Amino acid sequence: MKNDLILYSSQREYCDKVRGITYSYLLKNGKRPMYFTHTFGCQQNESDTEKINGMLSDMGYEKTENREEADVILYNTCAVREHAEQRVFGTIGSLVGIKRERPDVIVAFCGCMMQREEIASELSKKYKHVDLVFGPQAIGRFPENLYNCITCHERIFDVKKEKGSIVEDIPVQRASSYKAWVSVMYGCNNFCSYCIVPYVRGRERSRPPEKVIEEVSSLISEGYKDITLLGQNVNSYCNDTDSNWNFAKLLRMINDIDGDFRIRFMTSHPKDATKELIDTVAECPKICKHLHLPFQSGSNRILSLMNRRYTREQYLDLIGYARSVIPDLVLTSDVIVGFPSETDDDFNETVSLVDKVGFQGLYTFIYSVRSGTPAASMLQIDESVKHERFDRLCALQNFKATQFNSNYIGKTVKILVDGSMGNDNTLQTGRTDGNIIVNFPSCGAMPGEFIDIKIDMALNWAIFGQAINK
Ligand code: SAH
Ligand code: SF4
Ligand code: F3S
């Protein structure tokens, strides 16, 4: 099997044409045209937006945080829950006035939600002020679509169903100068029964290992300190190819690159998390001792309805093994409450799993119906029951997180500094290897610097302390 590999340079013709347009704009107005982009959704979408920003800069646009002055306004959307989609519809509505006042503005929507047929057709019929719509698989055709949109004054919908390809060499405009996302694979083959992702992001495609290693190496030589490898299920890396590569091997190769940096990865599907992977995390010093292992439910009956393909017992065994070989492991997870037909007994199994494991962090989601997925036609449960369960689980998790974080009191942790805490210059913040937020009185450390903090206080969402040797 071979994945379709497309190079960004195949878009050169269109990039050059748009560059011509932005250059004429510069001559006429004494400044470059501007773009505004905003991301909804997960890290994969954040990473895609950085590529779109890179292409827009490459084509001669300048970035702005103020959409009122932008010539291209683009939103990258998420379809994972209904609430995410409602926010996007709110945003679409809020753009009517801008388009009326400045008809030449390009209003674009891309990402997972746009790949849903019913959404694209609703936008096409009812929201005529939206000029350009494209799905995640069309990102490599962005210059062509933008050029056609500007010059033909036509609306463009590039949302056809396709299995997806791998586009390499897109110029990336990264949001941070010391933290970076690197995709190792795209798409998902798992079809968990509640999830829309496999329908909108296509089948699994793994990037060639040499491309991943090349990207990580050049980031490290540019001074990046914290690299997160991305994929919907990184544990199936290269399963879609004929090669004998796997994710553990890729991690070892990256760990061997010279330099002072950290490697993280997400997400791992428990069904494919092997001992080899866990041993690799344990043995490689640059790999963060952090596993994000979504369990979704503690009930075997619900896990089976979810098509997760592991049991509660297998999950607990896996975690037991990980903790035995990585004593300072930080575990985080995702869970869904109120999945169709979930009974009190099923939910109590989830509660008991959370109690037993003691996750440092837990993303708790209320089940949201996604039309077209198998769970949408299962027996739905009452909204008020879902909310009551959600509150109960969050209360337990807050307690468990505080308990976990309290273990750091009196210990010294190495953190990567992120900068000031909001607008407060007297406090700074950073992250541990396990990705725990650490706040401390400002000590003059720079963002992207590693420093040591002695911890003296713990809450459920962060730990607090003082910089030492600084
Ligand atoms: N590929 C990742 C998850 C991506 S989606 C994985 O398998 O772990 C992120 C999280 O959103 C999921 O882990 C799940 O907990 C949640 N989620 C997905 N679909 C959902 C739905 N229909 N309703 C509520 N939560 C959902
Ligand atoms: Fe969705 Fe499951 Fe794929 Fe994760 S593994 S993206 S939850 S289908
Ligand atoms: Fe991510 Fe949302 Fe798409 S969670 S993969 S942006 S549906």
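These numbers were taken from a predicted model, which means no experiment stands behind them.

1. Structural notes on the sheet that holds strand β9 (residues 179-183)
With parallel pairing, the three strands of this open sheet are ordered in space as β9-β12-β13. Looking at the sheet topology across the chains shown, the edges are occupied by β9 and β13 (262-266). Each neighbouring strand pair of the sheet contributes to a mean axis angle of 25°, computed without reference to strand direction. Bridge analysis of strand β12 (residues 226-230) against β13 gives five bridges, and the strand direction is parallel. Its bridge partner lying in β13, Ile227 is registered against Ile263. With respect to the sheet, helix α2 (residues 43-58) is in contact with β9, β12 and β13, its orientation differing from that of β9 by roughly 100°.

2. Here we look at the packing of helix α12 (residues 312-325) against helix α13 (residues 344-357)
Their axes nearest at 12 Å, the elements α12 and α13 cross at an angle of 10°. Looking at the two axes, α12 sits roughly parallel to α13. Contacts between α12 and α13 involve Arg312, Tyr315, Leu316, Ile319 and Arg323 on the former and, on the latter, Glu349, Ser352, Leu353, Lys356 and Val357. A breakdown of the residues in the contact of α12 with α13 according to their chemical character gives five nonpolar, one polar and four charged.

3. Observations concerning unusual backbone geometry
Phi is mostly negative for residues that are not glycine, and the peptide bonds are mostly trans. The omega torsion across Met266 and Thr267 is 5°, close enough to zero to call that bond cis. Here Thr267 lies in the loop between β13 and α10 (275-283). Phi at Arg309 is positive, roughly 65°, even though this residue is not glycine. Tracing the chain through its elements places Arg309 in the loop between α11 (300-305) and α12.

4. With respect to a negative patch on the surface
Taken together, the side chains of Glu313, Asp317, Asp345 and Glu349 define an acidic patch exposed on the protein surface. For the negative patch, the secondary structure elements donating two or more residues are α12 and α13. Here Asp345 shows up in helix α13.

5. Remarks on the pairing of strand β17 (residues 412-421)
Relative to strand β20 (residues 450-458), β17 runs antiparallel, the two sharing five bridges. Paired with Leu416 across the bridge in β20 is Phe450. In terms of strand pairing, β17 meets strand β18 (residues 424-432) through six bridges, oriented antiparallel. Paired with Ile415 across the strands is Thr432, a residue of β18.

6. Side note on helix α3 (residues 82-94)
With 13 residues, α3 extends 19 Å from end C-alpha to end C-alpha; this agrees with the ideal 18 Å at 1.5 Å per step. Every buried residue of α3 is accounted for by Ala84, Glu85, Val88, Thr91 and Ile92. Projected down its long axis, α3 shows its buried positions confined to an angular sector of 115°, all on one face.

7. As for the sheet that holds strand β6 (residues 132-134)
With parallel pairing, six strands are arranged side by side in an open sheet as β3-β2-β4-β5-β6-β7. In the strand order of this sheet, the two ends are held by β3 (62-63) and β7 (156-158), each with one partner. Where α2 meets the sheet, it contacts β2 (34-39), β3, β4 (72-77), β5 (106-111) and β6, and its direction lies at approximately 175° from that of β2.

8. Let's talk about the domain arrangement of the protein chain
Per the domain assignment, the segments of the protein chain are domain 1 (5-158), domain 2 (178-288), domain 3 (293-405) and domain 4 (412-467). At the junction of the two partners, domain 2 supplies 19 residues and domain 3 supplies 25 residues. For the pair domain 2 and domain 3, the summed buried surface comes to about 1800 Å²; carbon and sulfur atoms form 68% of the total. Contact with domain 3 buries area across many residues of domain 2, yet Ser193, Tyr194 and Pro270 alone supply 39% of it, more than any other trio. Applying the counting criterion to the domain 2 and domain 3 interface returns zero salt bridges. Along the contact surface separating domain 2 from domain 3 lie ten residue pairs in polar contact (both at pLDDT 80 or more). Examining the composition of the side of domain 2 that touches domain 3, we find that five residues originate from one element, α10, more than from any other.

Thresholds, definitions, all that
Along each chain, residue indices are assigned from 1 in the same order as the chain's sequence is written. The lettering of chains begins at A and the numbering of ligands begins at 1, in the order of writing. Predicted model: local features are reported for residues with pLDDT of at least 70 only, side-chain atom pairs are reported and counted for 80 or more only, and whole-chain, interface and lining totals are derived from all residues. Side-chain metrics rest on all non-hydrogen atoms present in the structure, leaving aside hydrogens and water. For two strands to pair, DSSP has to find at least two bridges joining them. Strands here are runs of E lasting at least two residues and helices are runs of H or I lasting at least four, both read from the DSSP assignment and numbered beginning at the N terminus. Here the axes come from fitting lines to C-alpha atoms, over the contacting stretch only for helices, and the angles between their N-to-C directions go from 0 to 180 degrees. We call two residues contacting when some pair of their heavy atoms lies within 4.5 Å. Under this scheme an angle from 65 to 115 degrees is roughly perpendicular, one under 35 degrees roughly parallel, and one over 145 degrees roughly antiparallel; angles in between are oblique. Under the grouping applied here, Gly and all other residues not named as nonpolar or charged are polar, the nonpolar ones being Ala, Val, Leu, Ile, Met, Phe, Trp, Tyr, Cys and Pro and the charged ones Asp, Glu, Lys and Arg. Any residue with relative accessible area above 30% and no salt bridge may belong to a patch, with like charges joined within 9 Å and the nonpolar Val, Leu, Ile, Met, Phe, Trp and Tyr side chains within 5 Å. For accessible areas, the Shrake-Rupley method is used with a probe of radius 1.4 Å. Any residue's cover is judged against the shown protein chains and nothing else. Whenever a carboxyl oxygen of Asp or Glu lies within 4 Å of a side-chain nitrogen of Lys or Arg, that contact is scored as a salt bridge. As used throughout, the charge tally considers Lys and Arg to be positive and Asp and Glu to be negative, leaving His and the chain termini uncounted. Taken as the charge centre is NZ of Lys, CZ of Arg, CG of Asp or CD of Glu, depending on the residue. To estimate the expected span of a helix, subtract one from its residue number and multiply by 1.5 Å. With a 1.4 Å probe rolled over the protein chains alone, any residue whose accessible area is under 20% of its type maximum counts as buried; one over 50% counts as exposed, and the rest are partly exposed. Directions are taken from the helix axis to each C-beta atom, and the arc is the one they span. Domain delimitation in this document rests on an assignment produced automatically or drawn from a domain database. By buried area we mean the combined loss of accessible area, with a 1.4 Å probe, across both parts when two parts are placed together. Under this definition, polar contacts are N or O atom pairs within 3.5 Å; protein pairs additionally need one hydrogen-donor-capable and one acceptor-capable atom, and for neighbouring residues in sequence, both atoms have to be side-chain atoms.

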